[in-house]
Amino acid sequence: MTDIPRRTAARTAKLASLPLGMAGRAAAGWGRRLAGGDGDQISAQMMARSAEQLFAVLGELKGGAMKFGQALSVFEAAIPDEYAAPFRESLVKLQTAAPPMPTAEVHRMLAEQFGRGWRERFADFDETPAAAASIGQVHRGVWHDGRVVAVKVQYPGAEEALRSDLRQLSRMTRLMQPLAPGLELKPLVAELRDRMEEELDYRDEAANQRVFAEAFDGDERVKVPRVFASAPKAMISEWVGGRKLSDVIRSGTQPEREAAAALLAEFLYSSPARVGLLHADPHPGNFQVMDDGRLLVLDYGAVARLPDGLPRPLSMMVRMALEDREADLLELLRREHFVRPGSDVRADEVMAYLAPFTEPLRTETFRFDRAWLQKQAERLGDLRGPHFQISRELNLPPQHLLIHRVTMGTLGVLCQLDADVPLRGIVRRWQPWIFDEEGESAGQRG
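Residues numbered from 1 in each chain as written. Predicted model: local features only at pLDDT ≥ 70, side-chain atom pairs only at ≥ 80, totals over all residues. Heavy atoms only, no water.

J.: I keep staring at the sheet that holds strand β10 (residues 287–289) and nothing clicks. Help me out?
T.: By way of backbone hydrogen bonds, the strands of a sheet pair with one another, either parallel or antiparallel. Taking strand neighbours across the sheet as the criterion, the 4 strands line up as β5-β11-β10-β8 in an open arrangement whose pairing is mixed. Across the chains shown, the open sheet's two edge strands, defined by having one partner strand only, are β5 (222–223) and β8 (243–244). Of the strand pairs in this sheet, β10 and strand β11 (residues 295–297) are connected by 3 bridges, and their pairing is antiparallel. Residue F287 lies in a different strand from β11, and its bridge partner there is V297. Along the sheet face, helix α11 (residues 254–275) touches β5, β8, β10 and β11 and points at about 50° away from the line of β11. (Pairing = 2+ DSSP bridges. Helix = DSSP H or I, 4+ residues; strand = E, 2+ residues; numbered from the N terminus. Contact = heavy atoms within 4.5 Å. Axes fitted to C-alpha atoms, helices over the stretch in contact; angles between N-to-C directions.)

J.: Could you clarify how one ought to interpret the nonpolar core in this entry?
T.: If you look at soluble globular proteins, the nonpolar side chains tend to sit buried side by side. Formed by 69 residues in total, the largest nonpolar core has its most connected members in F212, L245, F267, L329, F368 and L417. L417 has contacts with L245, V248, I249, R257, A260 and A261, leaving out every residue within four places of it along the chain. (Core = buried A, V, L, I, M, F, W, Y, C linked by side-chain atoms within 4.5 Å. Buried < 20%, exposed > 50% of the residue type's maximum accessible area, 1.4 Å probe, protein only.)

J.: I would appreciate a short explanation of the pattern of salt bridges in the present structure.
T.: Pairs may arise between side chains of opposite charge once their charged atoms sit close together. One pass over the full model with this rule turns up 25 salt bridges. A salt bridge links R243 to D247, with the nearest nitrogen and oxygen atoms 2.6 Å apart. With a closest N to O distance of 3.1 Å, R346 and E349 form a salt bridge. Residues participating in the shared-partner salt-bridge network are R243, D247, R250 and E256. (Salt bridge = Lys/Arg side-chain N within 4 Å of Asp/Glu carboxyl O.)

J.: Would you mind going over the pairing of strand β3 (residues 136–143) with me for this structure?
T.: The side chains of a regular strand alternate between the sheet's two faces. Along β3, 6 of the 8 residues are buried, which leaves the element largely enclosed by surrounding structure. For strand β1 (residues 122–125) and β3, the ladder comprises 3 bridges, and the chain directions are antiparallel. When the bridges of β3 are listed, F122 appears paired with W143. Bridge count for strand β2 (residues 131–132) against β3 is 2 bridges, and the pairing is antiparallel. Bridging from a neighbouring strand, A132 pairs with Q137 of β3. Where β3 meets strand β4 (residues 148–154), 7 bridges bridge the pair, whose relative direction is antiparallel. Bridging from a neighbouring strand, Q137 pairs with V153 of β4. Hairpin connection of β3 to β4: 4 residues between the antiparallel strands, including G146 at a positive phi of 95°.

J.: How should I be thinking about the packing of aromatic side chains in this particular structure?
T.: What describes a pair of aromatic rings is the distance from one ring centre to the other and the angle between the planes of the rings. Under the counting rule described, the total for this entry stands at 11 aromatic pairs. Centre to centre, the rings of W118 and F122 are 6.0 Å apart; their planes meet at 75°, and the pair counts as edge-to-face. Look at F368 and W372: their rings are 5.9 Å apart centre to centre, the planes differ by 85°, and that puts the pair in the edge-to-face class. The two residues F368 and W372 agree in class, both being buried. Three or more aromatic residues joined by ring pairs make a cluster, and in this case those are W118, F122, F125 and W143. Here the guanidinium or amino end of R147 rests over the ring plane of F228, the centre of that ring lying 4.0 Å away. (Phe/Tyr/Trp six-rings, centres within 6.5 Å; stacked < 30°, edge-to-face > 60°. Lys NZ or Arg CZ within 6 Å of the ring centre and 35° of its normal.)

J.: Please explain helix α12 (residues 312–322) as it appears in this structure.
T.: Structurally, the α-helix is built with 3.6 residues per turn, so residues lying three or four positions apart point the same way. Counting buried positions along α12 gives 8 out of 11 residues, so the element sits mostly inside the fold. Every buried residue belonging to α12 is among L314, S315, M316, M317, R319, M320, A321 and L322, and all of these are buried. In the segment just after α12, D324 is the residue with positive phi, at about 55°.

J.: What should I look at first to understand helix α17 (residues 401–417) in this one?
T.: Taking 1.5 Å as the rise per residue, α17 with 17 residues should run 24 Å; its terminal C-alpha atoms sit 25 Å apart, in good agreement. Counting buried positions along α17 yields 13 of 17 residues, so the element is predominantly enclosed. Just downstream of α17 lies D418, where phi reads positive at about 50°. (Expected span 1.5 Å × (residues − 1).)

J.: Looking at this structure, I do not really get the pairing of strand β7 (residues 234–238). What am I missing?
T.: Within β7, 5 of the 5 residues are buried, which leaves the element mostly enclosed by the surrounding structure. Bridge count for β4 against β7 is 5 bridges, and the pairing is antiparallel. Across the sheet, residue V151 finds its bridge partner in β7, namely I236. Two elements, strand β6 (residues 227–231) and β7, share 4 bridges in a ladder whose sense is antiparallel. Bridge pairing in β7 places S230 opposite M235. The loop that links β6 with its antiparallel partner β7 comprises 2 residues.

The structure is reproduced here in structure tokens:
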């Protein structure tokens, strides 16, 4: 690869090859079945080849295409196993790996961002990338004062590629739906498009990371790398390593998975109160477990800005659902514009729709696993079922969209970890007003 393929026509053709390739394999498989081939074996081969193509196309294109694949990787736990299993490994690869850009391009980008004498800032710089992601890759270096650093360099053409991909993916979501049965792809692509601008300027990411690093400085559970320098398309931060969360998901022991799940939940639920920001890209490629047991959190390009912490109406909705206050819940949902104007949805219908999502807070520990998430996806995705009809009466206000996506993404990762998580205690610590009057009064005084 010499660069991110930039021409819209070329990128569109590659993206179109995903649903078209899957359709072609399906037609060929149907013909082989007519000829007496083994149906299960043919289906397995089709899915395996589609998975290989998914990784090859989205990984090569990077940009918005790869971001789409990373987002899918979070929600694969909601897809039935017969569909998800062949894609799981390919989606995991997309979290942290992609074809690297040539060394000459890396040098050119660093010279553009830090000046022609950029090498003088380093005692050493490894030309081989240590990691590659959707819009940039990371190199290991030694800073001029001897500190080991991570050098993040944006791909040439990343902005153009991001815009082109998400525009085309938005048009193709219906055709690509077979790649993710049970998931709504169009809203996912729309949300990615809405927040892409903030991820393109690494100075914004560096500013976010500095705020997180200060808030979690000395924390016993979470490590945020310090930032040393930044420019629009490059940034330099503290080099920190650990075991990839995707590896814990794949091969971790039960205690390792449960420890990682608790750390992840604690980080994400505490951040609005501690930092006034919410890390908004919770796919496993952004998390590692360090040797000392802390959670290493990477990539702060996308955040939700919550200067007053998590919006209180959201917390009170959870409280009312936990207390089975159907009428109060519906009234609050209407007041906060979560119910479409003119809807005659009943309070008991709304409670039945939302109740399963409060299950993890009704007990001291809750088992997050794929079976639970698949059950929720099937319940909400059944076009003939009552919950699908209720969902058409509800609305998600734009100001809460990112929080909702992070919450659902976090649930997806917890279910990938297949872990017992003490979520009730974690949420009580940071939002005590959800559970008792004393906590509510304290929260109001704060």
